[in-house]
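Observations on chain architecture
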Amino acid sequence: MDYQHLLERIAADVAPLIGSGTPAEYIPALAGVDPRRFGMAIADLEGNVFGTGDWRVPFSTQSITKVFALALALAEGGDSLWERVGREPSGNPFNSLVQLEYENGIPRNPFINAGALVVTDRLQTLTGDASSELLDFLRQESGNPDIGFDAEVAASEHEHGDRNAAVAHFMASYGNIDNPVPALLDHYFWQCSIEMTCADLALAARFLARHGLRSDGSRLLTRSEAKQINAVMMTCGTYDAAGEFAYRVGLPGKSGVGGGIIAVVPGRCTLAVWSPGLDAQGNSVAGAAALDRFTTLTGLSVF
Ligand code: GLN
């Protein structure tokens, strides 16, 4: 398949949507990002990467990192994680508190903030330094040693992080957080602040298309675990718009409020797209449209 030609076609098709939506405003350091940015990359299983637009411009990965943290927590700690976090779509916004009380401090899934806090807590217990472990992994899988944290974004999240702090303390009151909440929040905000390009993300996510194999050929996850993560991405990766995303795109995907989305075609390739304008659910408007065009033009969905 001529990925380069395809990407140019997709970029042209979604051009009228670039700039639609609003960059995340509740994290002030993200609010100033130019909403007209658009980039998209595709990585094949061999590690060739193709791109269009701003595909080599670093942006704030935000909740996309939740996928990688989950993969590491499962790889290092195994299945017992699922005693502390569910695998059902929440139907609520990513930062919602309401279900947590009804469900005794067990978050619905690992891709809403509450679930990701539990995953990061687990990774912190397993490794002693969750955010550095994650950064190292992303550098290795993408082959880019320059990937780093954005201290300004992390500080901005901290300053406006009352809701995440509330979620974490609430879960701690149910005994579902092992580490001190302030330390956990530090790691969570560092994790969210990691800056990567579309090329970096498409390359780093390849283990999900390669049924659990890392870029060096070693095994990170069993084939079954890789399937499980892809399944949870499909059902929960775009928050309370996961049904709509599955309907339009038909691929496992994970978005972040920085405007990025990754998607996986198991056994074939990975995609990453970035455009900061978000819809009401916090998903990139042009990014989701670009992935919709990808599967429509190629027929490469899981269905
Ligand atoms: N850092 C963001 C938060 O915790 C991540 C949310 C997102 O990308 N959806 O609110």
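You'll find the structure just up there.
In what follows, the accompanying structure is described.

Calculation notes
- Residues numbered from 1 in each chain as written.
- Predicted model: local features only at pLDDT ≥ 70, side-chain atom pairs only at ≥ 80, totals over all residues.
- Heavy atoms only, no water.
- Helix = DSSP H or I, 4+ residues; strand = E, 2+ residues; numbered from the N terminus.
- Buried < 20%, exposed > 50% of the residue type's maximum accessible area, 1.4 Å probe, protein only.
- Contact = heavy atoms within 4.5 Å.
- Areas by Shrake-Rupley, 256 points an atom, 1.4 Å probe, with all protein chains shown as cover.
- Near = heavy atom within 4 Å.
- Polar contact = N/O pair within 3.5 Å; in protein donor to acceptor, adjacent residues only side chain to side chain.
- 1 Å grid on protein atoms, 1.4 Å probe; cavity = no way out; pocket = protein on both sides within 12 Å on 5 of 7 lines; lining within 4 Å.
- Sits in = over half its atoms within 2 Å of the grid points.
- Pairing = 2+ DSSP bridges.
- Axes fitted to C-alpha atoms, helices over the stretch in contact; angles between N-to-C directions.
- Points joined across faces, edges and corners; volume = space filled by probe spheres on them.
- Nonpolar A, V, L, I, M, F, W, Y, C, P; charged D, E, K, R; others polar.
- Expected span 1.5 Å × (residues − 1).
- Arc of directions from axis to C-beta.
- Lys, Arg positive; Asp, Glu negative; His and termini not counted.
- Salt bridge = Lys/Arg side-chain N within 4 Å of Asp/Glu carboxyl O.

Now for the overall build of the protein chain. Check the secondary structure of the protein chain and you find 14 helices and 7 strands. Taken along its principal axes, the extent of the C-alpha atoms in the protein chain is 55 × 40 × 35 Å. The buried share among the 303 residues of the protein chain stands at 58%. At a minimum sequence separation of 6, the contacts of the protein chain that also span at least 24 residues come to 69%. Counting every atom, the protein chain has about 11,300 Å² of accessible surface; 49% of that belongs to carbon and sulfur.

In the neighbourhood of the ligand, 13 residues make up the surrounding shell, with Tyr-26, Gln-62, Ser-63, Glu-157 and Tyr-239 lying closest. Between the ligand and Asn-113, the relevant distance is 3.1 Å, taken from an oxygen atom to a side-chain nitrogen or oxygen of the residue. Here Val-257 contributes a backbone N or O atom positioned 2.8 Å from an oxygen atom of the ligand. Protein burial of the ligand: of its 300 Å² of free accessible surface, 99% is covered by the chains. In this structure, the ligand is accommodated by the second largest cavity.

Relative to the assigned elements, Arg-206 resides in helix H11 (residues 206-209). Those residues in contact with Arg-206 that sit more than four places away from it in its chain are Ala-43, Asp-44, Leu-45, Glu-46, Gly-47, Glu-141, Ser-215 and Thr-270.

Bringing the sheet that holds strand S5 (residues 253-255) into the picture now. Strand order in this open sheet of 5 strands is S2-S1-S7-S6-S5, and the pairing throughout is antiparallel. Two strands lie at the open edges of the sheet, namely strand S2 (49-53) and S5, each paired on one side alone. Sheet twist, expressed as the mean angle between neighbouring strand axes with direction ignored, is 10°. Sheet topology places strand S6 (residues 260-265) next to strand S7 (residues 269-274); 6 bridges connect them, and they run antiparallel. Across the sheet, residue Ala-263 finds its bridge partner in S7, namely Leu-271. Of the strands in this sheet, strand S1 (39-44), S6 and S7 touch helix H14 (residues 285-298), which is tilted by about 150° from S7.

We now examine empty space enclosed by the protein. Over the atoms rolls a probe the size of a water molecule, and in doing so it shows where empty space is left. On inspection of all chains with the given rule, the structure shows 3 cavities of 30 Å³ or more. Around the largest cavity sit 14 residues that line it, and Ser-96, Gln-99, Leu-100, Arg-108 and Ile-112 are the ones nearest its centre. Grouping the constituent residues of the lining of the largest cavity by class yields 8 nonpolar, 4 polar and 2 charged. Considering the residues around the second largest cavity, the lining is formed by 13 residues, among which Tyr-26, Gln-62, Ser-63, Asn-113 and Tyr-188 are closest to the centre.

Here helix H8 (residues 162-173) contains 12 residues, and its C-alpha end-to-end distance of 16 Å stays within 8% of the 16 Å for a straight helix at 1.5 Å per residue. Listing the buried residues of H8 in full gives Asn-164, Ala-165, Val-167, Ala-168 and Met-171. Take H8 and look down its axis: the buried residues cluster within an arc of 160°, on one side only. Those residues of H8 that are exposed and angled more than 90 degrees off the buried face are Asp-162 and Ser-173. Elements that come into contact with the buried residues of H8 comprise helix H4 (98-102), helix H5 (113-127) and helix H9 (181-193). One or two positions beyond H8, positive phi appears at Gly-175, with a value near 80°.

On the secondary structure map, Glu-157 appears in helix H7 (residues 151-159). Although Glu-157 is buried, it makes no salt bridge; Lys-66 carries the closest opposite charge, 7.5 Å away. Beyond its immediate sequence surroundings of up to four residues, Glu-157 is in contact with Ile-27, Gln-62, Phe-189, Cys-192 and Ser-193.

Given 3.6 residues per turn, any residue in an α-helix points the same way as the ones three and four places further on. With 13 residues, H9 should reach 18 Å at 1.5 Å per residue; the first-to-last C-alpha distance of 18 Å fits that figure. Where H9 is concerned, the buried positions are Val-181, Leu-184, Leu-185, His-187, Tyr-188, Phe-189, Gln-191, Cys-192 and Ser-193.

Bringing the pairing of S1 into the picture now. For S1, a buried count of 6 out of 6 residues is recorded, marking the element as mostly surrounded by other parts of the structure. Taking every second residue as pointing to the same face, both faces of S1 are buried, with Gly-39, Ala-41 and Ala-43 on one and Met-40, Ile-42 and Asp-44 on the other. Here 5 bridges tie S1 to S2, and the two strands are oriented antiparallel to one another. Looking at S2, one finds that Ala-43 is bridged to Val-49. Counted along the chain from S1 to the antiparallel partner S2, the turn is 4 residues long, and its residue Gly-47 has a positive phi close to 95°. Where S1 and S7 come together, 6 bridges link them in antiparallel fashion.

Don't take any of this as a statement about function, it's just geometry.
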